[in-house]
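Per-entry structural report
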Amino acid sequence: MKSPRRSADSVIPPALCVRNGFTILLIVCVVCGCSALPISRSPTAAGLKPADLVDLSSQGSAGAPPPILRELYLQGEQVRESQRPAVVPPKRTVLILSGGGSYGAYTAGVLCGWSETGTRPQFDVVTGVSTGALIAIFAFLGPQYDGELHRSYTTVSSKDIYRKKLLPCALFSDSLTDSQPLLQQIQSTVTPAVIDQIASAHSCGRRLYIGTTDLDGHRAVVWDLGAIASSGKPDRYELICKLLLASAAIPGFFPPVEIPVEIDGNWYVERHVDGGLTQPLFFRPPHFPVEQRQSSTMPELLFGSEEYIIVAGKLYADPQPVKPKIMQIIGDSLSTFLYAQNRDALVKLYMQSLLTGMQYNLAAMPGNFEGAKSAADFDRVAMNRMFEEGRRQSLTGTAWRHTPPGVEGGEEQRQRGGTSLTVVPRGAKTDENPNHLTPDHFNNGYPAQTTPFSPGHGQPLSPPEF
């Protein structure tokens, strides 16, 4: 039996269906956005620190895993010493700078304070991504540019870095902001005279590298700025400025930077964004003549040399309650991932230092320090505070640690065997409360006297002497 046909008047026009669908969707979004779920009381919201929450019943269990990173650290230092060549080569210095937006003020402060102590070396190699790429130029050229570093990271504000686009238009464009102000800042400081100085240092064997990400190729690209500066090409000044802008172009926030490239006689255009997207930190060895590289191992070239790494920001994100809204959950989750990616890169650099025999030096903002609200928050007061903290650390000799993330007290991954936890504050005194153990009572999750793989089978682990 045939179904009755609808009359022409009963047919709903497609345009009306689409319009009604969008209307319903808009109402649902508004209602959901305005009636967000209440935040359940989390330990973080209650002011408790996640690193202080411990399941005491699980820490000393026989099946608990060994303190892997601490054990690797102890074994690693032995590996480093085993690389010692018969003749120790001349010392070289490599500086590695991370990204971090406004947190670059801390990096600038460390460098300027280091200059004030009179012990800052002339770096053989400097590498940087994002804000680290912008700092790398002046770190490479030396303390005479500390004034420019101080000005760039203490006097600028957000309006000097970007202009916000109108929201409806921005949603259908390649970015939320216009980065023209940042390009103007770069062009005003990275002048032809500065680029000529980079070329001069390059001719003396020193090297300056920055990283970008090929947006379409999904790959990291390392640019030898000294080679570009020395090329003699008329567009070398413009190219270096564009590369610096690209290295700091946070995807979605800043627009991609177009870089023309010639491939086998044909011209194409690559789009490049923030170098930290694909490699938050990267190492490049000093320059050695070809014949020396071919006849020597890396330890024979680099043993005893120094690898300095400055992280623009903290090693671990600050705990904070996350509102039950999709954009904040996504944003905070992405931030957590990026912090973890940075720590992984730092561990890789540490492992690399063991194999080459280089000394590992790491500086990062203290966990209890109050910095800017976010990397995109170029608040002058906050930036001055971060700059002065980096400077203070250098002047007091407290900037550098020699261990990778995960080894120091409070950085371990403590396991849980259930949901009954207790608070173990760092530095709490056991004679006041025997249930509150200090970090000294544990070695990355094990009671000190029962660490199964510690030297002496029962003696607490201790770092080797340098």
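First, a word on what this report is: a plain description of the structure on this page. All values reported here derive from a predicted model rather than from experimental measurement.

If you walk through the whole model with that rule in mind, you get ten aromatic pairs. Plain terms: the ring middles of Tyr162 and Phe253 are 4.9 Å apart, the flat faces sit at 80 degrees to each other, and that makes the pair edge-to-face. Separated by 91 residues along the polypeptide, Tyr162 in the loop between helix H6 (146-152) and strand S4 (163-164) and Phe253 in the loop between helix H11 (236-247) and strand S8 (257-263) bring together distant segments of the chain. Tyr162 gets classed as buried once you look at its relative accessible area, which sits at 10%. Between Tyr350 and Tyr360, the ring centres sit 5.2 Å apart and the planes meet at 85 degrees, which makes this aromatic pair edge-to-face. Within this pair, whereas Tyr350 is found in helix H14 (residues 326-356), its partner Tyr360 is found in strand S11 (residues 359-363), the two being separated by ten residues in sequence. Using a relative accessible area of 3% as the deciding quantity, one classes Tyr350 as buried. Counting every residue linked through ring pairs, the aromatic cluster contains Trp114, Phe123, Tyr308 and Trp400.

One finds Leu95, Leu111, Ile137, Val190, Leu225, Leu244 and Met386 to be the most contacted residues of the largest nonpolar core, which totals 67 residues. The leading source of residues in this core is helix H5 (residues 131-141), at nine residues. In this structure Leu95 touches Leu111, Phe123, Val125, Val126, Thr127, Ala139, Tyr308 and Ile310, once residues within four positions along its chain are discounted. Counting residues in each nonpolar core, the second largest holds 26 residues, with Leu74, Tyr209, Ala345 and Leu346 among its members.

Conventions adopted
Residues numbered from 1 in each chain as written. Predicted model: local features only at pLDDT ≥ 70, side-chain atom pairs only at ≥ 80, totals over all residues. Heavy atoms only, no water. Phe/Tyr/Trp six-rings, centres within 6.5 Å; stacked < 30°, edge-to-face > 60°. Helix = DSSP H or I, 4+ residues; strand = E, 2+ residues; numbered from the N terminus. Buried < 20%, exposed > 50% of the residue type's maximum accessible area, 1.4 Å probe, protein only. Core = buried A, V, L, I, M, F, W, Y, C linked by side-chain atoms within 4.5 Å. Contact = heavy atoms within 4.5 Å.

That is the geometry; function is a separate question.
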